[in-house]
Amino acid sequence: MDHLSLQVRRGETYGLIGPDGAGKTTTVRLLLGLLSRTEGKTGILGFDSMNDPYEIRERVGYIAQQFVLPADLTVKENMRFFANMQGVTDEEQKKHIPELLAFAGLADFTGRLAGQLSGGMKKKLALACSLVHTPQVVLLDEPTLGVDPISRREFWNLLGNLRAERGLTIFVCTPYMDEAERCTQIGLIYEGKLIANDTPNQIKHMVAGELLELRPSRFVPAQELMNTLEGVLEVQTYGEKLHVFVDEAQRRKPQIEAVLAAQGITHQGIRLIEIRMEEAFISLIRRQTDADVMSITETVSKGII
Amino acid sequence: MNQPNLVDNQDTNPTQPPIVVEGLTKSFGSFMAVDHISFSVQAGDVFGWLGPNGAGKTTTIRMLLGLIKPTSGSASVLGFDPVTQTKTMQAHVGYMSQQFTLYNELTARENIQFYGKVYGLERDELKKRQDEIMQMAGLVGRENVLTSQLSGGWKQRLALGCAIVHRPRVVFLDEPTAGVDPISRRDFWGLIYAMAKKGVTVLVTTHYMDEAELCQRVGFISQGRLVAMDSPSRLKQTQMHGQVLEINSSDPEGGMRILKAVQQQGQIPLLEVALYGAQIHAVLPEAREYKEAIRNILLKKNIQVHSLEWIAPTLEDVFISSVTTFSP
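None of these values were measured; they are calculated from a predicted model. (Residues numbered from 1 in each chain as written. Chains lettered and ligands numbered in written order. Predicted model: local features only at pLDDT ≥ 70, side-chain atom pairs only at ≥ 80, totals over all residues.)

A.B. asks: What's the story with the overall build of chain A in this structure? I'm lost.
C.D. replies: Helices and strands together make up the secondary structure of chain A, namely 12 helices and 12 strands. For chain A, the spread of C-alpha atoms along the principal axes amounts to about 75 × 45 × 40 Å. Within chain A, contacts between residues at least 6 apart in sequence are counted, and of these 68% link residues at least 24 apart. (Helix = DSSP H or I, 4+ residues; strand = E, 2+ residues; numbered from the N terminus. Contact = placed C-beta atoms within 7 Å.)

In structure tokens form, the structure reads like this:
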């Protein structure tokens, strides 16, 4: 972390995104007082992470990255286990646990062993456990890793309900850019520095130009060609597709078509597409760095793969 | 077993697809993890093997690798029977597991060495492959860093390097992009394509439906059964139940919650309501007169509708539609 400053307002869903190793998990651990900071200040709800970690843990829910629930406890036993750890009274448990299980859609599975739940249900149970002491803030570190798209969406619907119905403040790290679009505010972190901090819409607008997508018959020559054209701001690759950022789509599309035709490269139509958070992320990070990994062209030409 | 024997000859038959699966079944007690699945993958294809958690994707791969025995049915990989010819087959097959199975307490180079020796590489070839894979993974200069210290993208490329150290002709990649950032994800798909162009056959599982769009063919598995298999574009034509209305609005989260309530009350026959990033996708039956009704419902709740358009379904729409239609 390098002199990073950020604030999350009450009731916000704040998404922290960035390349692997950028410092997302470190940020969460500093906030919770699990790591000691070298310099600067960190706090939650007015409590200092270093001086008042217990005050924070009473008021904050947390799901650690790749967190695993005790597999040999049932759904209900897991809830009771976490409630006891947080010092929730029996009376409160009787009220909150059924509520939370209903909220997470687990009311019919209270007796099932956590180890026997599907991936999506495990994540929902972890969320319910993190809420058992009625926190005002939750910190979620990649809570949907390895979960299928349907379960991922259900999990985020639960987060939406928490925000809407309880005004919960949510701080979430995610590698999924579609999830980032569901946040009210996004911080983009790179090498321990915050390089963007804004709403999803504003962040997408930080990328200049319009986006054209095509699937050329000869990929590498087409990619090289695009990089030389006037009005082309950036070229991203995705499988067999090229994403070409241009200053003006209407003007550049026919020019690109003509250049490809002259080289005998066919394509299945050039489409104007919306810039999503995914493309914005790549563009904003690429500006910061020239990746030190070998290019695919080079990998192929050297016969490595 | 009366299954046809697909693996008579030791030599790979060039006309036979490198992966053939016929009636493959695996049960654990009364639970059918994989239930009479048949498919084949052509040489040089990138085949996406998709499905919800617990649908049977990894179990299928483990049978194809000869790690577990099918209850019934048969499989052939490069003409070899994974059950009876495991060792011979493995010399030509690469596997990258969900957890990037690397030894954390070894350095990157030692990991490559280890896998190279397991696959029986000659000394000179192993040396050459180590250098090449370190370059491919962007690890030159980090020779002595422990693997545990490497972050997601590096580990991912190193794991791929270890899986292809012996230059296999078929590669199984089980969620190779889980938890890595979008840039590493794209670079990784570049590598997958480069391998396929060289004739390597790739079977890959993923929970990213935009990645699935990049496959030549995909198979959807749900509760152990193959529910659809085709090219992404064909699946969009044949497997989608209903039409997709894409809604751009001032409050996507709020809009979705309202439409979910509408769906439950049955006011409008909404088949599905889901958020795709900042857009709502509402799936409706063939009749198209509901567009204005939806606009009015949202407007009444003070949600501004910026655009409301019938769109071609994404593969994710199709996935949700096929999987939920199939499940009880």
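Resuming the write-up.
A.B. asks: Quick question: what am I supposed to make of the overall build of chain B here?
C.D. replies: Across its full length, chain B holds 11 helices and 13 strands. For chain B, the C-alpha atoms occupy an extent of roughly 75 × 55 × 35 Å along the three principal directions. Per-residue burial over chain B gives 49% buried out of 328 residues. A separation threshold of at least 6 residues defines the contact pool for chain B, and within that pool the share at least 24 residues apart is 70%. (Buried ≥ 20, exposed ≤ 12 C-beta atoms within 10 Å, placed from the backbone.)

A.B. asks: Just to check I follow, could you spell out the confidence of the model for chain B for this structure?
C.D. replies: Detailed reading of the predicted coordinates is not advisable wherever pLDDT is low. All names here are of chain B. Overall, the prediction assigns chain B a mean pLDDT of 89, with 94% of residues at 70 or greater. Long-range and interchain partners of residues 1-11, a stretch whose pLDDT sits below 50, account for 13 contacts in this model, where long-range means more than four residues apart. As a predicted assembly, this complex carries a pTM of 0.87 together with an ipTM value of 0.81. (pLDDT = per-residue confidence, 0-100.)

A.B. asks: Looking at this structure, I do not really get the domain arrangement of chain A. What am I missing?
C.D. replies: All names here are of chain A. Under the domain assignment, chain A is made up of domain 1 (13-203) and domain 2 (205-300). Taken residue by residue, the interface counts 13 residues in domain 1 and 10 residues in domain 2. Looking at the side of domain 1 that touches domain 2, the elements with two or more residues in it are α7 (177-180), β7 (185-190), β8 (193-198) and α8 (200-205). Element by element, the count of residues in the side of domain 1 that touches domain 2 is highest for α8, at 4 residues. Residues of the side of domain 1 that touches domain 2, tallied by class, amount to 10 nonpolar, 2 polar and 1 charged. (Domains from an automatic or database assignment. Nonpolar A, V, L, I, M, F, W, Y, C, P; charged D, E, K, R; others polar.)

A.B. asks: Just checking my understanding: could you explain unusual backbone geometry for this structure?
C.D. replies: Leaving glycine out, the prevailing phi sign among residues is negative, and the prevailing peptide bond configuration is trans. The phi dihedral of B:Arg167 falls on the positive side, at around 50 degrees, and the residue is not glycine. Along the polypeptide, B:Arg167 turns up in the loop between α5 (152-163) and β6 (170-174).

A.B. asks: I tried to follow the sheet that holds strand β11 (residues 241-246) of chain A on my own but got confused; where do I start?
C.D. replies: Sheet strands pair by backbone hydrogen bonding; their relative direction is either parallel or antiparallel. Residue and element names in this part refer to chain A. Taken together, the 4 strands give an open sheet; going across it, the order is β10-β11-β9-β12, and neighbouring strands pair in antiparallel fashion. Either end of the sheet is taken by a strand with one partner, and the two such strands are β10 (232-238) and β12 (271-273). Taken pair by pair, the neighbouring strands of this sheet meet at an average axis angle of 30 degrees, ignoring direction. (Pairing = 2+ DSSP bridges. Axes fitted to C-alpha atoms, helices over the stretch in contact; angles between N-to-C directions.)

A.B. asks: When you look at the environment of A:Arg29 in this model, what are you seeing that I'm missing?
C.D. replies: All names here are of chain A. Along the polypeptide, Arg29 turns up in helix α1 (residues 24-31). We classify Arg29 as partly exposed; it has 19 C-beta atoms within 10 Å. In this structure, the C-alpha to C-alpha distance between Arg29 and Asn197, residues 168 residues apart in sequence, is 20 Å. Setting aside anything within four residues of it in sequence, one finds Arg29 in contact with Leu34 and Leu35.

A.B. asks: Explanation requested: the pairing of strand β4 (residues 60-63) of chain A in the structure shown.
C.D. replies: Strand residues, when the strand is regular, have side chains that alternate between the two faces of the sheet. All names here are of chain A. Alternating residues of β4 divide into Val60 and Tyr62 and Gly61 and Ile63, and every residue in both groups is buried. Where β4 lies against strand β5 (residues 137-141), 4 bridges are found, and the strand directions are parallel. When the bridges of β5 are listed, Tyr62 appears paired with Leu139.

A.B. asks: Help me out: how do you make sense of the interface of chain A and chain B in this one?
C.D. replies: Frequently, the measure chosen for interface size is the accessible area that the parts lose on association. Taken residue by residue, the interface counts 42 residues in chain A and 44 residues in chain B. Of all the elements in the fold, those that place two or more residues in the side of chain A that touches chain B are α5 (119-130), α6 (149-166), α7, β10, α11 (277-288) and α12 (296-301) of chain A. At 6 residues, the largest contribution of residues to the side of chain A that touches chain B is made by α6(A). Tallied by class, residues from the side of chain A that touches chain B come to 20 nonpolar, 10 polar and 12 charged.

A.B. asks: Please explain the nonpolar core as it appears in this structure.
C.D. replies: Grouped burial of nonpolar side chains is what soluble globular proteins tend to show. The biggest cluster of nonpolar side chains holds 99 residues, and the ones touching the most others in it are B:Val77, B:Leu158, B:Val171, B:Ile192, B:Val202 and B:Ala282. Per-element tally for this core: the top contributor is helix α6 (residues 182-197) of chain B, with 7 residues. Those residues in contact with B:Ile192 that lie beyond four places of it in its chain are B:Val46, B:Val202 and B:Val204. One finds A:Val28, A:Ile97, A:Leu125 and A:Ala280 within the second-largest nonpolar core, a separate group that totals 59 residues. (Core = buried A, V, L, I, M, F, W, Y, C linked by C-beta atoms within 7 Å.)

A.B. asks: Is there a simple way to think about the packing of helix α3 (residues 108-118) of chain B against helix α4 (residues 123-136) of chain B in this case?
C.D. replies: The geometry of a pair of packed helices is captured by two quantities: the angle between their axes and the separation between those axes. Residues and elements named next belong to chain B. Between α3 and α4, the shortest axis-to-axis distance is 10 Å and the interhelical angle comes to 135 degrees. With respect to α4, the axis of α3 lies oblique. Seen from above, α3 lies across α4 with right-handed handedness. The residues of α4 that touch α3, namely those facing Ala108, Arg109, Ile112, Gln113 and Gly116, are Leu126, Arg129, Gln130, Ile133 and Met134. The residue makeup of the contact of α3 with α4, split by class, is 5 nonpolar, 3 polar and 2 charged. (Parallel < 35°, antiparallel > 145°, perpendicular 65-115°, else oblique. Left-handed = near helix turned anticlockwise from the far one by under 90°.)

A.B. asks: Even after reading the chapter, I still don't get the sheet that holds strand β7 (residues 201-205) of chain B, so can you show me in this structure?
C.D. replies: Residue and element names in this part refer to chain B. Ordered by their spatial adjacency, 6 strands build an open sheet running β5-β6-β7-β3-β8-β9, and the pairing between neighbours is mixed. On the outer flanks of this sheet lie β5 (93-96) and β9 (225-230), each paired with one strand and no other. For this sheet, the mean inter-axis angle between neighbouring strands, taken without regard to orientation, is 15 degrees. Sheet topology note: the strand β3 (residues 46-50)/strand β8 (residues 217-222) ladder contains 4 bridges and is parallel. Pairing of Phe47 across the sheet is with Arg217, part of β8. Seen against the sheet, α5 touches β5 and β6 and runs at an angle of roughly 155 degrees to β5. Sitting on the sheet, α6 touches β3, β6 and β7, and the angle it makes with β7 is about 150 degrees.

A.B. asks: Sorry if this is basic, but what is going on with the environment of B:Gln267 here?
C.D. replies: Within the fold, B:Gln267 resides in the loop between α9 (252-265) and β11 (272-276). For the pair B:Gln267 and B:Ala293, spaced 26 residues apart in sequence, the C-alpha separation works out to 9.9 Å.

A.B. asks: Please clarify how the pairing of strand β12 (residues 279-284) of chain B should be interpreted in this entry.
C.D. replies: All names here are of chain B. Buried residues dominate β12, accounting for 6 of its 6 residues. Across the two faces of β12 the burial is the same, with Gln279, His281 and Val283 and Ile280, Ala282 and Leu284 all buried. As defined by bridge partners, strand β10 (residues 243-249) adjoins β12 across 5 bridges and the pair is classed as antiparallel. Within β12, the residue paired with Ile247 across the bridge is Ile280. As paired elements, β11 and β12 share 5 bridges and run antiparallel to each other.

A.B. asks: Looking at this structure, I do not really get α1(A). What am I missing?
C.D. replies: Residues spaced three or four apart along an α-helix face the same direction, because each turn holds 3.6 residues. Residue and element names in this part refer to chain A. Restricting attention to buried positions, one finds in α1 the residues Lys24, Thr27, Val28, Leu30 and Leu31. Each buried residue of α1 lies within a common arc of 165 degrees when the element is viewed along its axis, so the set occupies one face. Where α1 is buried, its residues meet β1 (13-17), β2 (43-44), β5, β6 (169-173) and β7. (Arc of directions from axis to C-beta.)

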